[in-house]
Amino acid sequence: RSQQFKAALTREWDESERLAQGARLALTQLLADPDQDVVRTAVIALGQMGHEADAAKVARFLSHNAAAVREAAAASLARMGKTGRGARALALKDKEPRTRALAALAVAQSWDGEGLTLLGIALRDEDPQVRAAAISGLSIIPSRISALRVQFREDLKRIEEGDASIGLRAAAAMALAGLPK
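Attention in this report is confined to the structure presented alongside it. Please read these numbers as outputs of a predicted model, since none were measured by experiment. (Residues numbered from 1 in each chain as written. Predicted model: local features only at pLDDT ≥ 70, side-chain atom pairs only at ≥ 80, totals over all residues. Heavy atoms only, no water.)

Let's talk about the overall build of the protein chain
Link 1 in the chain: A count of helical and extended segments in the protein chain gives ten helices and zero strands.
Link 2 in the chain: Sequence-ordered secondary structure for the protein chain, helices as α and strands as β, is α-α-α-α-α-α-α-α-α-α.
Link 3 in the chain: Overall, the C-alpha framework of the protein chain stretches about 65 × 45 × 20 Å when taken along its three principal axes.
Link 4 in the chain: Carbon and sulfur atoms form 55% of the exposed surface of the protein chain, whose accessible area is close to 10,000 Å².
Link 5 in the chain: Positive and negative side-chain charges of the protein chain, numbering 26 and 22 respectively, have mean locations separated by a distance of 4 Å. (Helix = DSSP H or I, 4+ residues; strand = E, 2+ residues; numbered from the N terminus. Areas by Shrake-Rupley, 256 points an atom, 1.4 Å probe, with all protein chains shown as cover. Lys, Arg positive; Asp, Glu negative; His and termini not counted. Charge placed at Lys NZ, Arg CZ, Asp CG, Glu CD.)

So, in structure tokens, the structure goes:
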């Protein structure tokens, strides 16, 4: 009986993988749709499926014209966890500060503890918008990995003590106060 059960589970798994591949293909095609709501939904669905091969496709939408699509891309990259880490890292090197800021938020929202170190790149970014997003992101790190925030203490101290923006200095001070001792 256990052999039959194992064979049935194997068939079920194979069938679900086949169906998922078809869904990913259809969703990828929808990324070219002229309706931004369709694109946003496809980006979200690809993020929920979490295949590493789709992460770069999703990351392209961090620079979309529509804010809702950009936000969906950031949330989807976060949801991808470890499989989206490479795409988040590349997005943090984008030439556009807005894209880097969204990538910083995607890093912070992800449950990928190992990938959280990428937030340091954003905290050291030349653009204040990106640094602000990174500081803000510290408050949304999932509770399961929030203890890892302490690794950014020195970056936050540097911003608090010497950033040109008084707002960023204040935000860094608040973030420092919220870190575990």
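Observations regarding the packing of helix α4 (residues 67–79) against helix α6 (residues 97–109)
Link 1 in the chain: At a minimum axis separation of 7 Å, α4 and α6 run at an interaxial angle of 35°. When the axes of α4 and α6 are compared, the crossing they make is right-handed. On α6, the residues touching R70, A74, A75, L77 and A78 of α4 are R98, L102, A106 and Q109.
Link 2 in the chain: Split into classes, the residues belonging to the contact of α4 with α6 amount to six nonpolar, one polar and two charged. (Axes fitted to C-alpha atoms, helices over the stretch in contact; angles between N-to-C directions. Left-handed = near helix turned anticlockwise from the far one by under 90°. Contact = heavy atoms within 4.5 Å. Nonpolar A, V, L, I, M, F, W, Y, C, P; charged D, E, K, R; others polar.)

With respect to the pattern of salt bridges
Link 1 in the chain: Evaluation of the coordinates by the stated rule reveals 13 salt bridges.
Link 2 in the chain: A salt bridge links D54 to K57, with the shortest nitrogen-to-oxygen separation between them at 3.2 Å. With D54 and K57 both in helix α3 (residues 52–59), this residue pair falls three residues apart, about one helical turn.
Link 3 in the chain: One salt bridge connects K157 with E154, and the closest N-O pair in it is separated by 3.8 Å. With a gap of three residues between them, K157 and E154 both fall in helix α9 (residues 153–162), about one helical turn apart.
Link 4 in the chain: One continuous salt-bridge network, built from bridges that share partners, spans R85, R88, D112 and E114. (Salt bridge = Lys/Arg side-chain N within 4 Å of Asp/Glu carboxyl O.)

Let's talk about the layout of surface pockets
Where empty space is left becomes clear once a probe the size of a water molecule has been rolled over the atoms.
Link 1 in the chain: Size it by volume and the largest pocket reaches roughly 150 Å³.
Link 2 in the chain: As for the largest pocket, its lining consists of 13 residues, and the residues nearest its centre are A56, A59, R60, A87 and L90.
Link 3 in the chain: Broken down by secondary-structure element, the contributors of at least two residues to the lining of the largest pocket are α3 and α5 (85–91).
Link 4 in the chain: Among the residues forming the lining of the largest pocket, the class breakdown is seven nonpolar, three polar and three charged. (1 Å grid on protein atoms, 1.4 Å probe; cavity = no way out; pocket = protein on both sides within 12 Å on 5 of 7 lines; lining within 4 Å. Points joined across faces, edges and corners; volume = space filled by probe spheres on them.)

Topic: the side chain of R100
Link 1 in the chain: If you trace the backbone, R100 turns up in helix α6.
Link 2 in the chain: A distance of 2.7 Å separates the side chain of R100 from the side chain of D125, its partner in a polar contact.
Link 3 in the chain: With near-sequence residues (within four places) excluded, R100 lies in contact with A91, L92, K93, D94, K95, D125, E126, D127 and V130. (Polar contact = N/O pair within 3.5 Å; in protein donor to acceptor, adjacent residues only side chain to side chain.)

Some thoughts on the packing of helix α8 (residues 128–138) against helix α10 (residues 166–177)
Link 1 in the chain: One way to put it is that α8 packs onto α10 with a least axis distance of 10 Å and a crossing angle of 20°. As summarised for this structure, α8 and α10 are arranged roughly parallel, according to the angle between their axes. Note that α8 runs across α10; the crossing there is left-handed. Where α8 approaches α10, its residues P128, R131, A132, I135 and L138 are matched on the opposing element by L168, A171, A172 and A175. (Parallel < 35°, antiparallel > 145°, perpendicular 65-115°, else oblique.)

Let's talk about the nonpolar core
Link 1 in the chain: By size, the foremost hydrophobic cluster in this structure holds 49 residues, and its most contacted members are V43, L62, L77, L119, I135 and L156.
Link 2 in the chain: If sequence neighbours within four positions are ignored, L77 has contacts with A55, V58, A59, L62, G84, A87, R88 and A106. (Core = buried A, V, L, I, M, F, W, Y, C linked by side-chain atoms within 4.5 Å. Buried < 20%, exposed > 50% of the residue type's maximum accessible area, 1.4 Å probe, protein only.)

Considering helix α1 (residues 2–30)
Link 1 in the chain: Taking 1.5 Å as the rise per residue, α1 with 29 residues should run 42 Å; its terminal C-alpha atoms sit 42 Å apart, in good agreement.
Link 2 in the chain: Residues A20, R24 and L27 constitute the buried set of α1. (Expected span 1.5 Å × (residues − 1).)

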